[in-house]
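What follows is each chain in one-letter form.
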Amino acid sequence: MRHKPFKKVCVIGAGIMGQGIAAHLANARTEVLLLDIVPPKHGEGDPPKDSKAFRNKFSAGGLQKAIKAKPALFLTKDDARLVEVGNLEDDLDRLKECDWVVEVVIENLKIKQSLFEKLEKAVGDDTIITSNTSGLSIEGMTEGRSESFKKRFCVTHFFNPVRYMDLLEIVAGKETDPAVIERMTWFGENVLGKGIVMGKDTPNFVANRIGVFGMMETMRVMMKDGLSLEEVDATFGPAMGRAKSAVFRTADVVGLDTFVHVAQNCWDNLGHDERHDVFEVPAWLKKMVDEGYLGSKTKQGFYKKEGKTIMALDTQKLKDGVLEYREKEKVRTESLGAIRNIEDLDEKIASLTFGEDQTAKLAWQVTMATAVYSANRMGEIADSVVDIDNGVKWGFKYERGPFETWDAMGVARSVERWEKEGGTVPGWVKDMLKAGRESFYAFENGARTVWDPNQKKAVPVETGPAEMTFLDIKREKSNIVKDGFSASLVDLGDGVLACEFHSKMNALDTEIMDFLNEGMDLCEEGKFEALVVANDGPNFCVGANILMIFMAAQQQEWEQLGNTIHAFQSTMQRLKYSSIPTVAAPFQLTLGGGCEVAMWCNRIRAHAETYIGLVEVGVGLLPGAGGNIELLARTLEGAPDTPTFPVEPLLQRVFEQIAMAKVATSAEEGRDMLFLAPSDGVTLNRRQLLNAAKQEALGMARAGFVPPKKRVFRLPGKGAMATFEMVVQSMKDGGFVSEHDMKIAMKIASVLTGGDTSSTVKVTEDRLLELEREAFLSLCGEEKTQARIAHMLEKNKPLRN
C-alpha cells in the first residue's frame, strides 16, 4: 500500500549523523531543513554576531562537511541544493512547513527532553517527530509530552554512514499510532531504500545489541586464549561472510569512543541480562580511548600505518595495559586453509566452526555464543528471527545473520556440542528440533519459511511487494527457461524474460553472449515481450573475462579473438536495435564490459550505488564492445549536424573519460558522465531493483516500443589527431603517462575521430566498431599490455579459475 511521502523534513542536529540523514533525504529528492543551535560564543574571525552567517554557523558548517565528505554522502553534489540551513532560535516557526522532524542531537536525555518540549509548541498538528537515538528509551524522551505528541513519536535509528548502510531500525512507543509506523516504514523502504527492522524500546535496540555483544565476546575470548588481532580478523572476515575489515579494522573505522559508548550503555542498562558481564568495557580498552587511540579519526587504534607498513597492537602486552605496536603478521592456520577453495559460504562456516585448531575454536566459541545470545533475545528486542538476522546483516554488512549462521553450522549438532561443553540453549530452539524442524529457515513448496517461536510453527518469510530476487524466482524450477555455467534465462512473469549473469565475478564470456542472443530470439519469436539483464551477485559485472583474452593473445589466435570481439559488438548492437525493449539493472561495480552491456540496452534501471565506468586502459586496452561508440554518441547527441560545427571539445570530453578510466561513484554521477541517459531510472532500494527493471521493461513493451535507428556521425578524422597527440605528448613529457599509455590514448583518439574521414562525410556506426575492433586487437598484441593483464590476473586470482 502506497503512503503519502514527506514533502519536507527537518533534521535537527548538524553533526555527523545529522549530516548523513540530511544528505540521504536529499538523495531521495526530499527537501530538507537542517537546524542546529546558535553558536554560544562569537570568535575572532567570525561573521557579525547578528548575521545569519554567524547564527547558522553550525548548520551551514555541517552542510559543507557533508558536501566534502569522503566517501561521499550525497549521490551528486548538486543534491545539496535541496538542503536549507537555519538555527533553533530563528527558524522554529518554519517547522510548520515540515511533515517530519527528526532529532539527531547529543545522546543526553535532558537535552532531548528540553528540545521535544520546544518542538511540541512549534510543529504542525500532523507532523511526525522521531529520534535517531541509539539507545535512550522512548518513555524517558517523551516524559511530560502530550498524548498527541506521543502518538506521533517513534525512533528512526539510522546507521552511519547513512547513504551506504542499509539498516533503519524503527521503534514504536507504547502510545505510538500504528499509522505513523506504517508511514515511516513505507517511506524508509520505498523512498530512502532502507531495510526496515522493527525493534523494541530496549537499550541499543536490535543490531547494536547483538553486534556489540559479538564484538565484546570476541575480545573476551581473544584475551582469554592469548590470540592476536590478526588471528581474530582472519577468522571473522570473508571466511565467515563478513567484510575484510573484520572485527578490529571495523572498530577503528567506527571509532573506539563510539563503540565504547554503545557497550557502556549496555553495561549501564542491562543488569538483568544473563551475559551482562560481557558488556563490561575492559580496562585496556578504556585506556585506549583515554589516550586517544580512537581508530581512523586519530590515525591510530587497533591498527595504524607507519609509512607503507601496517602496525598492529600487541595483544600480549595490551592485556597488561601496554599500548605497543608491532608489524602486522600474516595468519595461516589449518582450518583457514581448509576453506580456501570452498565457494559456498554455508559450507565455509560449517567447516571453520567445526575445525580442530585454535582459529576454529575461536570461530565456534564466539559464533555459538552470539547465536545463543540472539535466541535469548527473542521477544525482548524483536519479535522475529528475521528481524534479528536482518538487523545484524544490514547494520554490520554481514552476509549471514546469527540464525542463518546457526543453520549453516547445523542446529542439532551445534546444540549437542554446546550442551556437552556446559552451555545452555533456549527452550524454544529445542522445541523446534523436537517438532522435527531441523533449521530456522527452510524452503517449502517454492517459498522460504522461518520458524516462529511464538506460533511454534514455520511461517512464510515476509518480503515487500516490490522485492524480487533470482534466488526466490528460481526455486520454482519451471521459471528457469535455460540454465548454464555463466548465465541463465529466467521467466520473471508477465511476459518478461531475464538474462542472469553468474560467472566468476560476473565477468562476460562467450556463453553470456550466447544467452543474451538466445533471450532476444525468444522475445522476438513472441514468447516474451521484453528482456531484462540483471543478477543477484555482489556486483553487476566487473568486465570481460580477461583470462580468455589473455590466453588468445598469448597463443596469437588473432582470428579467433577478432571473431569473439566482433560477436561481443554484434550482441551489444542487437541489445539496442532488437524489436523488443531491453533493460539493464546495474548495481555496485559495473565496469568495462559490464558498463558497455548496460549502456547498449534501451534503458537502464540502476541502483543508486552503481559505480560505473570504462576502465579498460587499466589493463592496456581500450573498450572493445562498443563502449567508445556509445559514449561518443551520447556526447554528440543534440550537436548540430553540419560540417562546420567544432566537435573537438566534445570529443575531448569522451577521450578524457575513457583514457583516464573515470568511474562514477553513484548512478546519478553516472548520469552526469553520460553512462546513464536522462530517461534512465535510479532505485535506492537494492532489493527492489529487479522488480523495478521488470516494470520498466513491461511498460516500454506495452507502450508500443519502437527501436532506434542506427547512428551515423560527423567526425573530424585524422585532422584532429594532432590536437590529441599534443595533449598526450605534454602529459608524457611531464612524466604523467608512459610511452605505452600514450599508445593506448592515441588508439582511443583514432576511434573517436573516425579514422580516415572528414567532417564533410558521415561515418557509420559499423565503421566505428570496426576501428574499435582493430585498435583493440592491435593493443592485445603489445607485450606491455599482456604484462599488465598478467599482473592483474595475479592480483585477482578468482578470475584465473
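Looking at the overall build of the protein chain
(1) Moving on: Across its full length, the protein chain carries 33 helices and 25 strands.
(2) Moving on: The C-alpha atoms of the protein chain give 29 Å as radius of gyration, which agrees with the globular expectation for 801 residues (28 Å, within 12%).
(3) Moving on: Counting only C-alpha atoms and orienting by the principal axes, one finds that the protein chain spans roughly 80 × 70 × 60 Å.
(4) Moving on: The 801 residues of the protein chain split such that 57% are buried.
(5) Moving on: A separation of at least 24 residues holds for 70% of the contacts in the protein chain among residues at least 6 apart in sequence.
(6) Moving on: Split by element, the accessible area of the protein chain, about 34,400 Å² in all, is 50% carbon and sulfur.
(7) Moving on: Put simply, the protein chain has 100 plus and 116 minus side-chain charges, and the middle of one group is 2 Å from the middle of the other.

A few points about the pairing of strand β14 (residues 457-460)
(1) Moving on: Here four bridges tie strand β13 (residues 447-452) to β14, and the two strands are oriented antiparallel to one another. Of the residues in β14, the one forming a bridge with valine 450 is valine 459.

A short note on the packing of helix α27 (residues 648-659) against helix α30 (residues 721-733)
(1) Moving on: Close contact between α27 and α30 brings their axes to 11 Å; oriented N to C, the two are set at 40°. Relative to α30, α27 is oriented oblique. By crossing handedness, the relation of α27 to α30 is classed as right-handed. Counting all contacts with α27, which are made through Leu651, Gln652 and Phe655, the residues of α30 involved are Phe724, Val727 and Val728.
(2) Moving on: Each residue belonging to the contact of α27 with α30 can be placed in one class, and the counts come to five nonpolar, one polar and no charged.

What to know about the environment of valine 85
(1) Moving on: One can find valine 85 in strand β3 (residues 83-87).
(2) Moving on: Given the relative accessible area of 26%, valine 85 is considered partly exposed.
(3) Moving on: Note: C-alpha distance between valine 85 and asparagine 341 (256 residues apart in sequence) is 53 Å.
(4) Moving on: Aside from chain neighbours lying at most four places away, what touches valine 85 is Leu33, Leu34, Asn56, Ser59, Ala60 and Leu63.

So, the packing of aromatic side chains
(1) Moving on: Inspection of the entire model under this criterion finds 22 aromatic pairs.
(2) Moving on: Where phenylalanine 213 meets tyrosine 373, the ring centres are 4.0 Å apart and the plane angle is 0°; that geometry is what we call stacked. Of this pair, phenylalanine 213 sits in helix α8 (residues 207-225) while tyrosine 373 is found in helix α16 (residues 358-376), placing the two residues 160 residues apart along the sequence.
(3) Moving on: On the basis of relative accessibility, which here comes to 0%, the residue phenylalanine 213 falls in the buried class.
(4) Moving on: Measuring from ring centre to ring centre gives 5.8 Å for phenylalanine 396 and tyrosine 398, while their planes differ by 40°; the resulting arrangement is tilted.
(5) Moving on: Look at phenylalanine 396 and you get buried, because its relative accessible area is 19%.

Let's talk about the side chain of serine 414
(1) Moving on: Structurally, serine 414 can be placed in helix α19 (residues 411-420).
(2) Moving on: Once you skip the residues sitting within four places of it in the chain, serine 414 turns out to touch Phe354, Trp364, Met368, Trp406 and Met409.

Examining unusual backbone geometry
(1) Moving on: In this chain, lysine 70 is followed by proline 71 through a cis amide linkage whose omega measures 0°.
(2) Moving on: Relative to the elements of secondary structure, proline 71 occurs in the loop between α3 (57-68) and β3.
(3) Moving on: For asparagine 506, which is not glycine, the phi torsion reads 55° and is therefore positive.
(4) Moving on: In this fold, asparagine 506 is placed in the loop between β17 (496-501) and α22 (510-524).

Some details on the environment of valine 583
(1) Moving on: Structurally, the position occupied by valine 583 is in strand β19 (residues 582-584).
(2) Moving on: By relative accessible area, which is 0% here, valine 583 ends up buried.
(3) Moving on: A C-alpha to C-alpha distance of 6.4 Å links valine 583 and alanine 693, two positions 110 residues apart in sequence.
(4) Moving on: Here valine 583 is in contact with Leu531, Val532, Val533, Cys601, Arg603, Arg605, Ala693, Glu696, Ala697 and Met700, once residues within four sequence places are set aside.

Let's talk about helix α20 (residues 427-434)
(1) Moving on: When we look at burial in α20, the residues that qualify are Trp428, Val429 and Met432. The buried residues of α20 all sit within an arc of 105° when viewed along its axis, so they share a single face.
(2) Moving on: Considering only its buried residues, α20 is in contact with α16, α17 (385-396), α18 (402-409), α19 and β13.
(3) Moving on: With its phi angle positive at about 90°, glycine 436 sits one or two positions after the end of α20.

Notes on helix α29 (residues 689-702)
(1) Moving on: If you check α29, its first and last C-alpha atoms are 20 Å apart, about what 14 residues at 1.5 Å a residue would give, namely 20 Å.
(2) Moving on: Among the residues of α29, Leu689, Leu690, Asn691, Ala692, Ala693, Lys694, Glu696, Ala697, Leu698, Met700 and Ala701 are the ones counted as buried.
(3) Moving on: Immediately downstream of α29, the backbone of glycine 704 shows phi near 90°, a positive value.

Focus on the sheet that holds strand β5 (residues 128-131)
(1) Moving on: An order of β3-β2-β1-β4-β5-β6-β7-β8 is seen for the eight strands of this open sheet, with the pairing classed as mixed. In this open sheet, the two edge strands, each paired with only one partner strand, are β3 and β8 (195-199). In this sheet, adjacent strand axes meet at a mean angle of 25° when their direction is disregarded.
(2) Moving on: Inspection of the sheet shows strand β6 (residues 153-158) paired to strand β7 (residues 167-172) by five bridges, in the antiparallel sense. Counterpart to valine 155 in the pairing with β7 is valine 171.

Observations regarding the nonpolar core
(1) Moving on: One finds Val11, Leu25, Trp100, Leu492, Phe501, Val532 and Phe675 to be the most contacted residues of the largest nonpolar core, which totals 147 residues.
(2) Moving on: For this core, the element with the highest residue contribution is helix α31 (residues 739-752), accounting for eight residues.
(3) Moving on: Other than its neighbours up to four places away in sequence, leucine 25 contacts Val9, Val11, Thr30, Val32, Trp100, Phe187 and Leu192.
(4) Moving on: Membership of the second largest hydrophobic core comes to 88 residues, among which are Ala251, Ala312, Ile349 and Met432.

Considering the environment of alanine 608
(1) Moving on: Position of alanine 608 relative to the elements: it lies in the loop between β21 (603-607) and β22 (610-613).
(2) Moving on: For the pair alanine 608 and alanine 28, spaced 580 residues apart in the sequence, the C-alpha separation amounts to 9.7 Å.
(3) Moving on: Apart from the residues lying within four places of it in its own chain, the contact partners of alanine 608 are Leu75, Ser666, Ala667, Val682, Thr683 and Leu684.

Description of the pairing of strand β15 (residues 480-483)
(1) Moving on: The pairing of β15 with strand β16 (residues 487-493) spans three bridges and is antiparallel. Counted as the bridge partner of lysine 482 is leucine 489 from β16.
(2) Moving on: Turn length for the β15-β16 hairpin, with the two strands adjacent in sequence and antiparallel, is three residues.

Some details on the sheet that holds strand β10 (residues 309-313)
(1) Moving on: Read from one edge of the open sheet, three strands run β9-β10-β11, paired in antiparallel fashion. Every other strand in the sheet has two partners, leaving β9 (303-306) and β11 (325-327) as the edge strands with one partner each. The mean angle between the axes of side-by-side strands here comes to 40°, regardless of whether they run parallel or antiparallel.

So, the packing of helix α11 (residues 256-269) against helix α12 (residues 283-290)
(1) Moving on: Between α11 and α12, the least distance of the axes is 9 Å, while the angle of their chain directions is 135°. One way to sum up the angle between α11 and α12 is to call them oblique. Pair α11 / α12 crosses with left-handed handedness. On α12, the residues that touch Leu256, Asp257, Phe259, Val260 and Gln264 of α11 are Leu285, Lys286, Met288 and Val289.
(2) Moving on: Considering only residue class, the contact of α11 with α12 consists of six nonpolar, one polar and two charged.

Re the state of the cysteines
(1) Moving on: Applying the stated criterion to the full structure yields zero disulfides.
(2) Moving on: Cysteine 499 takes part in no disulfide bond, and the closest cysteine sulfur, belonging to cysteine 601, lies 9.7 Å away.
(3) Moving on: Its sulfur unpaired, cysteine 780 is 17 Å from the next cysteine sulfur, which belongs to cysteine 541.

About the criteria used
Residues numbered from 1 in each chain as written. Predicted model: local features only at pLDDT ≥ 70, side-chain atom pairs only at ≥ 80, totals over all residues. Heavy atoms only, no water. Helix = DSSP H or I, 4+ residues; strand = E, 2+ residues; numbered from the N terminus. Rg over C-alpha atoms; globule rule 2.2 N^0.38 Å. Buried < 20%, exposed > 50% of the residue type's maximum accessible area, 1.4 Å probe, protein only. Contact = heavy atoms within 4.5 Å. Areas by Shrake-Rupley, 256 points an atom, 1.4 Å probe, with all protein chains shown as cover. Lys, Arg positive; Asp, Glu negative; His and termini not counted. Charge placed at Lys NZ, Arg CZ, Asp CG, Glu CD. Pairing = 2+ DSSP bridges. Axes fitted to C-alpha atoms, helices over the stretch in contact; angles between N-to-C directions. Parallel < 35°, antiparallel > 145°, perpendicular 65-115°, else oblique. Left-handed = near helix turned anticlockwise from the far one by under 90°. Nonpolar A, V, L, I, M, F, W, Y, C, P; charged D, E, K, R; others polar. Phe/Tyr/Trp six-rings, centres within 6.5 Å; stacked < 30°, edge-to-face > 60°. Arc of directions from axis to C-beta. Expected span 1.5 Å × (residues − 1). Core = buried A, V, L, I, M, F, W, Y, C linked by side-chain atoms within 4.5 Å. Disulfide = S-S within 2.5 Å.

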